[in-house]
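Structural overview
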Amino acid sequence: MQPMTSRPAGALNGRCTVPGDKSISHRALMLGASAVGQTTVHGLLEAEDVLSTATALRHLGADITCREGVWVIEGRGVGGLREPDQVLDLGNAGTGARLLIGLVASHPFTTFFTGDASLRGRPMRRIIAPLQRMGATFCTRSGERLPLAVNGSQQPLPISYTLPVASAQVKSAILLCALNAPGETTVVEPLPSRDHSERLLRHFGATISTEDLADGSRRISLVGEPELTGRRIDVPADISSAAFPLVAAAIVPGSSVQICGVGINPLRTGLLTSLSEMGASIRLDHQREAGGEPVADLAIDAQPLRGITVPAERVPAMVDEFPVLAAAAACATGVTRMLGLGELRVKESDRLAAVAAGLNACGVAVDMGDDWLAITGCGGPPPGGGHVAVHLDHRIAMAFLTLGMASRAAVSVDDGAPIATSFPDFAALMNGLGAQIGPRVAG
Ligand code: S3P
């Protein structure tokens, strides 16, 4: 455990670059390993989650090296992975685990998966159900959780599958499995979720189409057994990491911060919409494209914020940003209601419960239902002073350290170690802008 404290900060100022997108980094490694020839990845997120995926892919036979910051993958071609001779430990990485389980489910061998206490508690039924229909069989511990073994299918079948919840992880697990199945696999998602897998599959040469349906759902169809060809991939900065300096600058009076080269895929920008509705002043400068994804420099100046209602339809576009939006809501005037948050209960922690408990500890009034939060803002600096339990969840740690910058008294977290899963330089980067984050001194 690494307890950390964030003391009230003066205005934050400066330019920064946050690390590469985690979702794209996992996918770049997996598709590189499934392609023929060499893939180079520039800007890969070098954090624990993605490094776990790289290690797992090496055990599956891919040759992955890093030369002067550029990651080089010698792929094995679609269906070309080999049986690992040890258990694949994905640590805290839900995306790494679920997508890799999909990838190996169409390979005719057995793979064992495990992870840390957080990942071992997360539901896997959501990927097991469709992958069984594609021919894989599973042996899991109770509750269909990790550790589990996947017996990959000898003759994978294409399927048509409607997702019960909008989940890019489940969609991607099916698409990765479908790469090695003959014929067309179709996934329908109730609301569009992040489409990095689709964009990257197209980039590697797969035939994949998407169609928006009249009821708001989206259908994705992938033709199996493509010849994927090694490519260059440029990973944009992660908007889910940019979220922390962005909200910090929004809530610490007098701040003005620019964040360079951030991915602004429209299926990821719900936080920008919500903060703008709250009255934040955010500019998207130098909009451009990098590696098949839209990118911009974000510029934000602190402004007084007001409470809003975040509708359930926006959840997929900001599913990881609710903890840090809660920090903004705590500083706003009036109530912020966040609806349709059921999925937050099965993230790295039960984020609904963790956010509510943390806000309570910091003197912020909050009501919680099964799938909603209502936060009564303090109309300025919240009292703070709380000691917040992180439950192995990097985003809970970073959200409450962000809240500490704008509070009247320091906020501490019981464990900052999980921050290394997605944003190892978080404290240094925030301190470079003017934050005061450091180890918690006992007493
Ligand atoms: C991710 C999808 C989301 C998100 C996770 C990353 C991805 O999960 O919470 O951090 O890379 O596909 P769900 O698909 O389960 O909503």
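Here the structure is a predicted model, which means the values were calculated and not measured.

So, how was this worked out
- Residues numbered from 1 in each chain as written.
- Predicted model: local features only at pLDDT ≥ 70, side-chain atom pairs only at ≥ 80, totals over all residues.
- Heavy atoms only, no water.
- Buried < 20%, exposed > 50% of the residue type's maximum accessible area, 1.4 Å probe, protein only.
- Helix = DSSP H or I, 4+ residues; strand = E, 2+ residues; numbered from the N terminus.
- Pairing = 2+ DSSP bridges.
- Near = heavy atom within 4 Å.
- Polar contact = N/O pair within 3.5 Å; in protein donor to acceptor, adjacent residues only side chain to side chain.
- Areas by Shrake-Rupley, 256 points an atom, 1.4 Å probe, with all protein chains shown as cover.
- Nonpolar A, V, L, I, M, F, W, Y, C, P; charged D, E, K, R; others polar.
- Domains from an automatic or database assignment.
- Contact = heavy atoms within 4.5 Å.
- UniProt positions renumbered as here; feature names shortened; annotations may be inferred.
- Core = buried A, V, L, I, M, F, W, Y, C linked by side-chain atoms within 4.5 Å.
- Expected span 1.5 Å × (residues − 1).
- Phe/Tyr/Trp six-rings, centres within 6.5 Å; stacked < 30°, edge-to-face > 60°.

The next subject is the pairing of strand S19 (residues 335–338). Here S19 shows a clear split, with Thr336 and Met338 buried on one side and none of Val335 and Arg337 buried on the other. Note that strand S18 (residues 309–310) and S19 share two bridges and pair parallel. By the bridge assignment for S19, valine 310 is matched with methionine 338.

Here we take up the site of the ligand. Neighbouring the ligand are the residues Ser23, Arg27, Thr95, Ser167, Ala168, Gln169, Arg194, Val319, Asp320 and Lys347. Residue serine 167 places a side-chain N or O atom 2.8 Å away from an oxygen atom belonging to the ligand. Contact distances for the ligand include 2.7 Å between an oxygen atom and a side-chain N or O atom of lysine 347. In isolation the ligand exposes 380 Å². Once the protein is present, 95% of that is buried. Of all the secondary-structure elements, those providing two or more residues to the shell around the ligand are helix H1 (22–34) and helix H6 (168–178). Split into classes, the residues belonging to the shell around the ligand amount to two nonpolar, four polar and four charged. Shared between two domains, the shell around the ligand takes at least three residues from each, and those domains are domain 1 (4–20 + 236–439) and domain 2 (22–234).

A word on the environment of alanine 97. Topologically, alanine 97 is positioned in helix H3 (residues 94–104). Sequence-distant contacts of alanine 97, defined by excluding residues within four places in its chain, comprise Leu90, Phe113 and Leu119.

Our focus in this paragraph is the UniProt feature "active site" (unreviewed entry) in the chain. Residues annotated in UniProt with the feature "active site" (unreviewed entry) correspond here to Asp320. Aside from chain neighbours lying at most four places away, what touches aspartate 320 is Arg194, Ser240, Lys347, Arg351 and Arg395.

What follows is about the nonpolar core. Formed by 81 residues in total, the largest nonpolar core has its most connected members in Leu275, Met338 and Leu359. Here this core gets ten residues from one element, more than from any other, and that element is helix H8 (residues 239–251). Core analysis: the second largest hydrophobic core is formed by 66 residues, Leu57, Phe109, Ile174 and Ala178 among them.

Turning our eyes to something else, we now look at H1. Within an α-helix, residues lying three or four positions from one another point in the same direction, as the helix has 3.6 residues per turn. With 13 residues, H1 extends 19 Å from end C-alpha to end C-alpha; this agrees with the ideal 18 Å at 1.5 Å per step. The buried count for H1 comes to 13 of 13 residues, which makes it a mostly enclosed element. Where H1 begins, the side chain of aspartate 21 points an oxygen toward the backbone nitrogen of serine 23, at a separation of 2.9 Å.

The UniProt record annotates "domain: Enolpyruvate transferase" (unreviewed entry) at residues 8–427. Annotated as residues 8–427, this span is 30% helix and 25% strand, and its ends, taken at the C-alpha atoms, are 14 Å apart.

All right, on to the packing of aromatic side chains then. Applying the stated criterion to the full structure yields two aromatic pairs. Measuring from ring centre to ring centre gives 6.0 Å for phenylalanine 244 and phenylalanine 426, while their planes differ by 85°; the resulting arrangement is edge-to-face. One end of the pair, phenylalanine 244, is in helix H8; the other, phenylalanine 426, is in helix H13 (residues 426–433), and 182 residues separate them in sequence. In this structure phenylalanine 244 comes out as buried when scored by relative accessible area, which is 1%.

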